[in-house]
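Spelled out from the first residue to the last, the chains are:
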Amino acid sequence: MQMNNASKDIDSDIVRGYMRYLKLERNLSGNTLDAYGRDIAKMLDYLRPAGRSVLGVAPDDIHNFVATLHDLGIGLKSQCRILSGLRSFFRFLVLDGYRGDDPTELIESPQLGEHLPEVLTADEVDRMEDANRDDSPLWQRNRAIIEVLFSCGLRVSELTLLRFSDLFAGDGYLRIEGKGSKQRLVPISGRALRELDGWLARRDEFPPKPGEEDFVFLNRRGSHLTRTMVLIMVKRQAEAAGIRKTISPHTLRHSFATALLEGGADLRVIQQLLGHERIGTTEIYTHLDTSTLRQEIMEHHPRNIPPGGGEG
């Protein structure tokens, strides 16, 4: 669906007003103004084929735009800079009354430098699943979502688009369509299948809307979930469980990969399960904390084995 001319004109007027604000009120340099303008143009180019105006942008649009930047090979620092510019732009739209909400509010910046994502233990995942227990279909659904993310290592977008036609429970695997429409098979554990069964036994209490019948996970209105819905739910469950780490759905994916590696799985297997095209993307999971590194060196490096301590 192409954006109509009226929407294009509105967007152009809004962007011009924002650029005037940056120049006159924030007194930014010409080079900085050009950078802000290019970043907004990138977003508009991304939105245009879907017929979206900046007035109708949702958090999922921002998530997907940032994911597209990553897929295009744009570096983390540039991604963070672009996202920072978008936050400034949407704050301007709210302050000037163009919008009542800021779609960038819940968007997490890409992690820079050597910082590694948080890792959850199996016990912490259990606590998240048990939090806010009320035995409602919503609680059963949330419990199943957390377990599937942790047990299968799915991207949140892959989970929200999971369909019954991709679930092969009898054979114990899921068929996942990842980035670039590439399909992969992911084993699903007995625990995850039991949690899914718990949700599916209650799913009829959320009657699906026409066209939504094949989606596994639905909201209370009968539509499939969005990335933002899952993000908010996961954060709430972690908070209710008393977990003070910075948590997102990706934390569960990272914890899945880390648990596999610590259990002795081959990095190439983890790469295949995660759907990473390049092994370099997977190598982040080879981290060990400094105490573990020191212990490994002290026990196994020949410089630290005392005389006579080795085999004769």
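Residues numbered from 1 in each chain as written. Predicted model: local features only at pLDDT ≥ 70, side-chain atom pairs only at ≥ 80, totals over all residues. Heavy atoms only, no water.

1. Focus: unusual backbone geometry
Okay, so step 1: Positive phi is not limited to glycine here, since asparagine 132 has a value of about 60 degrees.
Okay, so step 2: Tracing the chain through its elements places asparagine 132 in the loop between helix H5 (122-130) and helix H6 (137-152).
Okay, so step 3: With a phi close to 60 degrees, aspartate 135 is a non-glycine residue in the positive phi region. (Helix = DSSP H or I, 4+ residues; strand = E, 2+ residues; numbered from the N terminus.)

2. Some details on the packing of aromatic side chains
Okay, so step 1: For the coordinates displayed, the defined rule picks out 10 aromatic pairs.
Okay, so step 2: Taking 6.4 Å as the distance between ring centres and 20 degrees as the angle between the ring planes, the aromatic pair formed by tryptophan 199 and phenylalanine 217 counts as stacked. Taken as a pair, tryptophan 199 in helix H8 (residues 190-200) and phenylalanine 217 in the loop between H8 and helix H9 (227-240) lie far apart in primary sequence, 18 residues in all.
Okay, so step 3: You can call tryptophan 199 buried: its relative accessible area is 0%.
Okay, so step 4: Exposure remark for phenylalanine 217: the relative accessible area of 0% places this residue in the buried category.
Okay, so step 5: A network of ring pairs unites the aromatic residues Tyr18, Tyr21, Phe89, Phe90, Phe92 and Tyr98 as a single cluster.
Okay, so step 6: The ring of phenylalanine 215 is capped by arginine 163, whose NZ or CZ atom sits 4.1 Å from the centre of that ring. (Phe/Tyr/Trp six-rings, centres within 6.5 Å; stacked < 30°, edge-to-face > 60°. Buried < 20%, exposed > 50% of the residue type's maximum accessible area, 1.4 Å probe, protein only. Lys NZ or Arg CZ within 6 Å of the ring centre and 35° of its normal.)

3. Quick look at the pattern of salt bridges
Okay, so step 1: As enumerated under the stated definition, the model contains 18 salt bridges in all.
Okay, so step 2: Linking arginine 143 and glutamate 195 is a salt bridge whose minimum nitrogen-to-oxygen distance equals 2.8 Å. You can see arginine 143 sitting in helix H6 and its partner glutamate 195 sitting in helix H8, a full 52 residues away along the chain. Take arginine 143 and glutamate 195: they sit in the same class, and that class is buried.
Okay, so step 3: Across the pair arginine 175 and aspartate 166 runs a salt bridge, and its minimum N-O distance is 3.1 Å.
Okay, so step 4: By relative accessible area, which is 14% here, aspartate 166 ends up buried.
Okay, so step 5: Among the charged side chains, a network of salt bridges with common partners joins Asp126, Glu129, Asp130, Arg143, Glu147, Arg191 and Glu195. (Salt bridge = Lys/Arg side-chain N within 4 Å of Asp/Glu carboxyl O.)

4. Things to note about the confidence of the model for the protein chain
Okay, so step 1: Per-residue pLDDT for the protein chain averages 82, and the proportion of residues at 70 or more is 80%.
Okay, so step 2: The least confident element of the protein chain is helix H13 (residues 290-300), whose mean pLDDT is 42; the most confident is H6, at 96.
Okay, so step 3: Low pLDDT, under 50, characterises residues 287-298; the stretch is placed with eight contacts to residues that sit more than four places away or in other chains.
Okay, so step 4: For the stretch residues 300-305, pLDDT sits under 50, and the model shows six contacts to residues farther than four places along the chain or on other chains. (pLDDT = per-residue confidence, 0-100. Contact = heavy atoms within 4.5 Å.)

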